[in-house]
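# Per-entry structural report
The lines below spell out each chain.
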Amino acid sequence: MRNGKLAITFSDITFEMLFDGEVRITDSFLPFVHNRGEVTYQCVFQCVEQLPELKGQIVEQNIEYQIIRNESGEYRQFIDHFNGDRPYSVTSYDWKNRRLYVFYLPEVRERFSDTRLAFFHLGWEKVLLREGRMLLHASCVDTSYGGLLFSGPSGSGKSTQADLWCRYANAVQINGDRPVLKKEQESWSAWGSPYAGSSGYHVDQSCRIRAVFVLEQSRENRAERLGPSEAFAELYRETIVNSWDAAYVSDLSALIGGFVKEVPVYRLWCTAEVSAVDYVREMLEEGETDAGF
């Protein structure tokens, strides 16, 4: 347990989190509880008897929250479906002063005494994009060839391929579900994050990305490099998209567009055996990831 205040840093962004009570640091957040420099964003969590009254246009509504927009800005209002669909928290953004505020009701205090649950309410994909970073639904391993990202929908074999590389090629798994991608001067890097699904791999490290593989299960190993348009479409569907926010979509599209021009993206049909590792290693050793279309 930690009382009141802690700093969480990943992909060189430091979130100073201020709570009005004790907070449990969940296992996935432990590697990231430190401050590497100046605070990037201050995040204030406050229990209130009554939530701010929000008037404006509901521009998005899903099973977890509503997005309400008015002349003052944009707000996330989270809904408690176990209590008559009653709103239980509101997140507001003060981008000018780099402060995020989360107001919540007393009956859901437990949800905000846990770093994993509390941080979720910030809308972290929105914060990362403002800092030139994006999330990708992928497993990330650091290998002797550079960082390899295995992406695709759930069940496509991301964890299997990452595990094979760790077992047979001395790779280090950085993240099992949501690595953060960032442009670093002339290359792109993948950073670990506190969210890694059930994989348990949430490592506070980064690696330079060599290639992305969009997976398809198969009885044989085969790959083809995707052109920019197809690569864009594949990665776009594996990111978090705030579709109601035109500026967000534009910025995300520009970021993915730049990525696919600079990092090779492959469709990889592969087995769940070591032969898939051998096939990709041969590709990398032959320099195929640097070849044109």
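Before reading further, recall that the structure is shown in the block above.
These lines cover the structure that appears in this document, whether it is placed above or below. (Residues numbered from 1 in each chain as written. Predicted model: local features only at pLDDT ≥ 70, side-chain atom pairs only at ≥ 80, totals over all residues. Heavy atoms only, no water.)

A few words now on helix 5 (residues 246–262). Between its terminal C-alpha atoms helix 5 stretches 25 Å, which fits the 24 Å expected from 17 residues at 1.5 Å a residue. Of all the positions in helix 5, only Y248, L252, L255, I256, G257, F259 and V260 are classed as buried. Among the residues of helix 5, the N-terminal cap falls to D245, whose side-chain oxygen and the backbone nitrogen of A247 are separated by 3.1 Å. (Helix = DSSP H or I, 4+ residues; strand = E, 2+ residues; numbered from the N terminus. Expected span 1.5 Å × (residues − 1). Buried < 20%, exposed > 50% of the residue type's maximum accessible area, 1.4 Å probe, protein only. Polar contact = N/O pair within 3.5 Å; in protein donor to acceptor, adjacent residues only side chain to side chain.)

This structure, assessed with the given rule, holds 19 salt bridges. Ionic pairing is found between D177 and R178, a salt bridge with its closest N-O pair at 3.5 Å. Under the relative-accessibility criterion, D177 is labelled buried at 17%. Salt bridges sharing partners connect three or more residues here, namely E216, E230, E234, R237 and R267. (Salt bridge = Lys/Arg side-chain N within 4 Å of Asp/Glu carboxyl O.)

All right, on to the nonpolar core then. The tendency in soluble globular proteins is for nonpolar side chains to be buried as a group. Core analysis: the biggest nonpolar cluster contains 37 residues, and F10, F15, M17, F45 and F119 have the highest contact counts within it. For this core, the elements supplying multiple residues, two or more each, are strand 1 (2–10), strand 2 (13–23), strand 3 (41–47), strand 5 (65–70), strand 7 (86–94), strand 8 (99–104), helix 1 (115–120) and helix 2 (124–130). Those residues in contact with F119, other than ones at most four positions away along the chain, are F10, F15, M17, F29, W124 and Y195. In terms of nonpolar packing, the next biggest core, distinct from the first, is built from 25 residues, M134, A138, I174 and C207 among them. (Core = buried A, V, L, I, M, F, W, Y, C linked by side-chain atoms within 4.5 Å. Contact = heavy atoms within 4.5 Å.)

All right, on to the packing of aromatic side chains then. All chains considered together, the criterion is met by 27 aromatic pairs. For the ring pair Y93 and W95, a centre distance of 4.9 Å and an interplane angle of 10 degrees mean the geometry is stacked. In this structure Y93 comes out as buried when scored by relative accessible area, which is 14%. With a centroid separation of 4.8 Å and an interplanar angle of 35 degrees, the aromatic rings of W124 and Y195 are classed as tilted. Taken together, the positions of W124 in helix 2 and Y195 in the loop between strand 14 (187–191) and strand 15 (206–217) put the pair 71 residues apart, joining distant regions of the chain. The pair formed by W124 and Y195 is uniform in burial state, with each residue classed as buried. (Phe/Tyr/Trp six-rings, centres within 6.5 Å; stacked < 30°, edge-to-face > 60°.)

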